[in-house]
Amino acid sequence: MAISMLFAVLLAAVSFGESSYIDYNTTGGILPGKINVHLVPHSHDDVGWLKTVDQYYVGANNSIRGACVQNVLDSVISALLDDENRKFIYVEMAFFQRWWRQQSRKLQNRVKELVNSGQLEFINGGMCMHDEASAHYIDLIDQTTLGHRYIKDEFGQTPRVGWQIDPFGHSAVQAYLLGAELGFDSLFFARIDYQDRAKRKDEKTLEVVWQGSKSLLSTSQIFTGIFPRHYDPPDGFVFEINDISPPIQDDVLLFDYNVEERVNDFVAAAISQANVTRTNHIMWTMGTDFRYQYANSWFRQMDKLIHYVNKDGRVNALYSTPSIYTDAKNAANEIWPLKKDDFFPYADHPNAYWTGYFTSRPAFKGYVRMMSSYYLAARQLEFFQGRKGSGPNTDALADALAIAQHHDAVSGTQRQHVAADYALRLSIGYLEAEQLVSSSLALLAESRLSTRPANPVTKFQQCPLLNISYCPPSEAALSDGKSLVVVIYNPLGWKREEVIRIPVSTERLTVHDSSGKEIESQLVPLVNASFNIRNFYVKAYLGKSPSGTPKYWLAFLASVPPLGFSTYIISSAKQTGASSTISKVWASEGNTNSTIEVGHGSLKLLYSADDGKLTHYLNSRNLVTAFAEQSYSYYSGNDGTDKDPQASGAYVFRPNGTFPIKSEGQVPLTVMRGPILDEVYQELNPWIYQVMRIYKEKEHAEVEFTIGPIPLDDGIGKEITTQIKTTLKTNKTFYTDSNGRDFIKRIRDYRADWDLQANQPVAGNYYPINLGMYVQDDNMELSVLVDRSVGGSSLVDGQIELMLHRRLLHDDIRGVGEVLNEEVCVGDRCEGLTIRGKLYIRIDPVGEGAKWRRTFGQEIYSPLLLAFAEQDGNNWMDSHLPSFSGLDSSYALPNNTALITLEELENGKLLLRLAHLYETGEDKDYSVMATVELKKLLPNMKITKVTETSLSANQERRKMEKNRLIWKVEGSSEEPKVVRGGPVDPAKLVVELAPMEIRTFLIDFDRIPVYSS
């Protein structure tokens, strides 16, 4: 009987219902007094992850994942053109550029109309959605500038909103520098610690005003929204083809009519979200990874939802963008909670701290950092030469570096073939930039020639594999009166004196400086560990074995002017004359002394002769005497086979015990002594080798470590760490940098924003490190600086621990679907990755370490650039300029200031960025207002106009500040006054920089000829 009645009802509906075209009303805007549900259509498109950037774009390699960004953009643009009320946001300019250049002029004009009307809005606007843990702040600025410049040039638009929805934790630098200083009015993201999110939902503090800088405070704060779940829609509202959410079925002639049901679902989800959000505005992120490949499947359903939900009237739905949402939040006149510091580390589960990726793929992280500094120097030299319309340039390297900042690139969380693709792009960019650098140096050096040719005749070579003791021009035999010319370029704005080390094949050598004076030099024998890595990796990288074998490292002290070069000549010594000093070799085997002293400048290190361990650090200049030890250990990677299946992997660090690595060698240590530097060699086991260097003129120790291949024959993945131990009483407190910029106070097992339940006491206390970290007590401070991004912590008072390498056997189930087990192959022989890197250690009286961290930190980031040439006879100095500085001869940048961008743009303007290196109160001498004289910084230019801009140079600073939204913040009246640098007087041309301030300028100029005729 019941079935018969149901059939009759359905038959009646079919018989008397009317199915016709429905004109869905999507015109509605914001309604006061109702919950306004802002539907924000978006697609999160990774610029490489499981597939390469180009595979994702064209839809190749779909056996891995069916994703095609080209389809997304084709489909979205078509859907937007169909209905003027629809909206969409797009983020990754690396993809949009690829799409744009393939479109007809007619379609491009229609897309520009979509952009101008606000239907299509560019959000974030960098080339990629960058990582926030493993990227350096200069790289973040560069990749964002590249994207913003493209948007400005093509569309005349300036993005207003930051959209960092997927990075795995969020940095303070992102908030103030890559947020407020870009002119952004707001920043949105999804990933925060699961404990933090739960508390914020309870207290309605998912939306805050974030002050990332202790120095700039409210002058650089940003409204920040954290999504209540992930960056996808609420359950039941995902509408990609093949997704399982029920569509709205509003055709009365069809079965399963469900309009009322779907409206009720929508209203319930909206009210639920409104209950954890302040004001009557909530945002639904309508999309997720690589969605909208058939955009109509989304827009059809959103059209219906807006139409029927608004007819229902309980809540109001509208097409929106994060900009519209931000304006609505601002207009609500709410007083917002204040957030300080950052959102690290991130955990999505009690045993899943995403702190392993701080170190994952350490060789790639090192390569990105190396290319970053090279790009900075190459742009300077391109400017000195004058940007040309043809010939080699830095554009390919800029593009490659930009996508390498993606949150699945420099993070080390991509698949192996994708990592290889990123590295290949960097190498291609480097090769072109290398030609530019060589020609620019040659042009500058040849300026002494009476008739300077249009194209320089000097052919410089460079040595990108110097890290593995490979440099063909320096290894070549010097015969028949030939000499090796070494031109050393300094990209920093102050004079530098540093020891240069290059491999050579002969022992009787002399070194002359730019004035022709012979200077002291030292030969340090190469050891077997260097030969092994050199021979294998040269063959792996270049496809051929080295042709010769160097015998020594030649070391000499070079003095290089700011933003300029010096020339050194290396020659064969005469039989009766002086030559380089060969290091004296001392081995602890058979030694009767209990203590070994190393170093003969202010710094001395003491070692125990019995076990070869470091015991003390002594500095005679500042009277520091401290107990100090250095050791290695490894964490065994959890395989996820216990009650919780979480394993240690590319993202997640989940240790399963720690094990010290003790020396297996018969000779605990070997010491090389000489007039310029001492070296301590220690081979702990067949896969860990270390050299500790103490330079006579320096007050820090340099540790060069070689780690790998990490053995897996015991079936256990390993995560290798080093510890520097002192007796400092640090009270659980340590300090780590934010993207190489501000230092943030950390307290072990503590979070300022909630009561931490510390389920993983090791992984949960790890933080990202790009510049370094330090600990201190009432008397001393221990600082360690790094040459690439790593993870680190202070798990014991007085100690610093850094993770240097990882090799694992299990996937951590976070989507990459591949084990982090890097291998390098030569022919049929494959072995685990070996890495070589450096860290730097110094102990100072408390309060005095910042000077070294900031100054030497810049020198680590911007190493001296070496270029080599060969000369016959003795005529180089007669025909070439022996030294050069781009600055006025009487000038150098203040010690608290860095030049981070000097780039001539295609439009002929100069892009200039200056950065204050110190925070407020960081140093008693240098945490003060700095001044830079542009006339002396750029002496060979007639400056006609100076325009201060936003950080990404896409709008005038004055206009940006005028348009900035003002937010009410809890407790804001208690803030001290912040004084920033003032306007630049067009006559005096002096730039002021307050602590932590970065100022960006576009400069119109005319060149003043400087070359002799």
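What counts, and at which threshold
Residues numbered from 1 in each chain as written. Predicted model: local features only at pLDDT ≥ 70, side-chain atom pairs only at ≥ 80, totals over all residues. Heavy atoms only, no water. Helix = DSSP H or I, 4+ residues; strand = E, 2+ residues; numbered from the N terminus. Rg over C-alpha atoms; globule rule 2.2 N^0.38 Å. Buried < 20%, exposed > 50% of the residue type's maximum accessible area, 1.4 Å probe, protein only. Contact = heavy atoms within 4.5 Å. Areas by Shrake-Rupley, 256 points an atom, 1.4 Å probe, with all protein chains shown as cover. Lys, Arg positive; Asp, Glu negative; His and termini not counted. Charge placed at Lys NZ, Arg CZ, Asp CG, Glu CD. Salt bridge = Lys/Arg side-chain N within 4 Å of Asp/Glu carboxyl O. Disulfide = S-S within 2.5 Å. Pairing = 2+ DSSP bridges. Axes fitted to C-alpha atoms, helices over the stretch in contact; angles between N-to-C directions. Left-handed = near helix turned anticlockwise from the far one by under 90°. Nonpolar A, V, L, I, M, F, W, Y, C, P; charged D, E, K, R; others polar. Phe/Tyr/Trp six-rings, centres within 6.5 Å; stacked < 30°, edge-to-face > 60°. Lys NZ or Arg CZ within 6 Å of the ring centre and 35° of its normal. Expected span 1.5 Å × (residues − 1). Patch = residues over 30% accessible without salt bridge, like charges linked within 9 Å, V, L, I, M, F, W, Y side chains within 5 Å. pLDDT = per-residue confidence, 0-100. Polar contact = N/O pair within 3.5 Å; in protein donor to acceptor, adjacent residues only side chain to side chain.

Draft legend 1. Region of the structure containing the overall build of the protein chain. What the protein chain contains, in helices and strands, is 20 helices and 52 strands. A compact globule built from 1013 residues would reach a C-alpha radius of gyration of about 31 Å, and the protein chain, at 30 Å, matches this within 12%. Its C-alpha atoms put the protein chain at 115 × 70 × 60 Å along the principal axes. Within the protein chain, buried positions represent 62% of all 1013 residues. Looking at the protein chain alone, contacts between residues at least 24 apart form 76% of all its contacts between residues at least 6 apart. When the accessible surface of the protein chain is totalled, it reaches about 38100 Å², and 50% of it is carbon and sulfur. Charged side chains of the protein chain number 103 positive and 123 negative; the gap between the two group centres comes to 3 Å.

Draft legend 2. Looking closely at the pattern of salt bridges. A full pass over the atoms with the stated rule returns 65 salt bridges. Two residues, Glu-699 and Arg-621, come together in a salt bridge whose shortest N-O distance is 2.6 Å. Highlighted residues: Glu-699 in the loop between strand E31 (688-695) and strand E32 (701-707) and Arg-621 in the loop between strand E25 (614-619) and strand E26 (624-627), separated in sequence by 78 residues. Glu-699 sits in the buried class, given a relative accessible area of 13%.

Draft legend 3. Just the state of the cysteines, in detail. Taken as a whole and assessed by the stated rule, the structure comprises two disulfides. Across the disulfide from Cys-463 sits Cys-471; the S-S distance is 2.1 Å. The disulfide joining Cys-463 to Cys-471 has a torsion of about 60° about its S-S bond and is therefore right-handed. Assigned by exposure class, Cys-463 and Cys-471 land together as buried.

Draft legend 4. Inspection of the sheet that holds strand E27 (residues 629-637) at higher detail. One open sheet accounts for six strands, arranged E28-E27-E33-E40-E39-E36; its pairing is antiparallel. Whereas interior strands pair on both sides, the edge strands pair on one side only; in this sheet they are strand E28 (655-661) and strand E36 (767-769). Ignoring which end each strand starts from, the neighbouring axes of this sheet average 35° apart. In this structure, E36 lies alongside strand E39 (residues 790-793), joined through three bridges in antiparallel fashion.

Draft legend 5. Here's a closer look at unusual backbone geometry. In this chain, Phe-344 is followed by Pro-345 through a cis amide linkage whose omega measures -10°. Structurally, Pro-345 is set in the loop between strand E11 (338-340) and strand E12 (347-349). Here the amide bond leading from Gly-708 into Pro-709 is cis, since omega sits at -10°, within 30 degrees of zero. Relative to the assigned elements, Pro-709 resides in the loop between E32 and strand E33 (718-725). A positive phi angle is found at Lys-732, which is not glycine, with a value near 65°. One can find Lys-732 in the loop between E33 and strand E34 (733-737). Lys-732 gets classed as partly exposed once you look at its relative accessible area, which sits at 39%.

Draft legend 6. Up close: the packing of helix H6 (residues 137-155) against helix H12 (residues 362-385). The N-to-C vectors of H6 and H12 enclose an angle of 65°; their axes lie 10 Å apart at closest approach. Note on packing geometry: the crossing formed by H6 with H12 is left-handed. Here H6 contributes Ile-138, Asp-139 and Asp-142 to the contact with H12, which in turn contributes Val-368, Ser-372, Tyr-375, Leu-376 and Arg-379. Tallied by class, the residues present in the contact of H6 with H12 amount to four nonpolar, one polar and three charged.

Draft legend 7. Molecular detail of the pairing of strand E8 (residues 281-286). The element E8 is largely enclosed, with a buried count of six among its six residues. Burial along E8 is two-sided: His-281, Met-283 and Thr-285 and Ile-282, Trp-284 and Met-286, pointing in opposite directions, are all buried. Pairing geometry for strand E1 (residues 36-41) and E8, over six bridges, is parallel. Residue pairing for E8: His-38 is matched across the bridge by Met-283.

Draft legend 8. Structural context of the sheet that holds E34. Ordered in space as E22-E29-E30-E31-E32-E43-E38-E37-E34-E35, the 10 strands form an open sheet in which the pairing is antiparallel. The two strands at the open ends of the sheet, each matched to only one other strand, are strand E22 (584-587) and strand E35 (743-747). The mean angle between the axes of side-by-side strands here comes to 20°, regardless of whether they run parallel or antiparallel. Inspection of the sheet shows strand E29 (residues 670-673) paired to strand E30 (residues 677-685) by three bridges, in the antiparallel sense. Directly across from Met-672, in E30, lies its bridge partner Glu-679.

Draft legend 9. View of the packing of aromatic side chains. This structure, assessed with the given rule, holds 56 aromatic pairs. Ring centres of Phe-96 and Phe-122 lie 5.0 Å apart, and the angle between their planes is 80°; this geometry places the pair in the edge-to-face category. With a gap of 26 residues between them, Phe-96 in helix H4 (residues 93-100) and Phe-122 in strand E3 (residues 120-122) connect regions that are remote in the sequence. Each member of the pair Phe-96 and Phe-122 is classed as buried. A centroid spacing of 5.0 Å and a plane angle of 70° characterise the contact between Phe-223 and Trp-336, whose relative ring orientation is edge-to-face. One end of the pair, Phe-223, is in strand E7 (residues 221-226); the other, Trp-336, is in strand E10 (residues 335-336), with 113 residues separating them in the sequence. A residue is classified by how much of its surface remains accessible, and Phe-223, at 0% relative accessible area, is buried. Feature note: the residues Phe-88, Phe-237, Phe-239, Phe-266, Trp-284, Tyr-292, Trp-298, Phe-299 and Tyr-319 constitute an aromatic cluster, connected by ring pairs. Directly above the aromatic system of Phe-343 lies the positively charged group of Lys-339, at a separation of 4.5 Å from the ring centroid. Positioned above the aromatic ring of Tyr-634, the side-chain terminus of Lys-718 is 5.7 Å from the ring centre.

Draft legend 10. Expanded view of the side chain of Gln-760. The residue Gln-760 is located in the loop between E35 and E36 in this model. Under the relative-accessibility criterion, Gln-760 is labelled buried at 11%. In contact with Gln-760, other than residues within four places in its own chain, are Pro-350, Asn-351, Tyr-353, Arg-654, Pro-655 and Asn-765.

Draft legend 11. Looking closely at the environment of His-148. Tracing the backbone shows His-148 in helix H6. Setting aside residues up to four positions removed in sequence, His-148 forms contacts with Asn-124, Gly-125, Gly-126, Pro-159, Leu-182, Phe-184, Ser-952 and Asn-954.

Draft legend 12. Quick look at H6. Here H6 contains 19 residues, and its C-alpha end-to-end distance of 26 Å stays within 8% of the 27 Å for a straight helix at 1.5 Å per residue. Just downstream of H6 lies Gly-156, where phi reads positive at about 70°.

Draft legend 13. A nonpolar patch on the surface, seen in detail. Among the surface-exposed residues, Val-252, Leu-253, Leu-254 and Tyr-257 lie close enough to one another that they form a single nonpolar patch of about 330 Å² accessible area. In this fold, Leu-253 is placed in the loop between E7 and helix H9 (259-274). Leu-253 sits in the partly exposed class, given a relative accessible area of 33%.

Draft legend 14. Molecular detail of the confidence of the model for the protein chain. Looking at the protein chain, pLDDT values average 94 and 96% of them are 70 or higher. Here residues 1-15 is modelled with pLDDT under 50, and outside its nearest four sequence neighbours on either side it reaches four contacts, counting other chains as well.

Draft legend 15. A look at the pairing of strand E16 (residues 509-512). Direction of pairing for E16 relative to strand E20 (residues 564-572): antiparallel, over a ladder of four bridges. Bridge pairing links Leu-509 to Ser-572 in E20. Examined bridge by bridge, E16 and strand E17 (residues 518-519) share two bridges and lie antiparallel to one another. Paired with His-512 across the bridge in E17 is Glu-518. Here E16 folds back onto E17, and the loop between the two strands holds five residues, one of which, Gly-516, carries a positive phi near 90°.

Draft legend 16. Region of the structure containing the environment of Tyr-767. In this structure, Tyr-767 sits in strand E36. Note on Tyr-767: relative accessible area 2%, which makes it buried. Filtering out sequence-adjacent residues up to four positions away, Tyr-767 remains in contact with Phe-344, Pro-345, Phe-358, Phe-734, Thr-736, Arg-746, Tyr-750, Arg-751, Val-790, Gly-791 and Gly-792. Within polar-contact distance, the side chain of Tyr-767 engages the side chain of Arg-751 at 3.5 Å.

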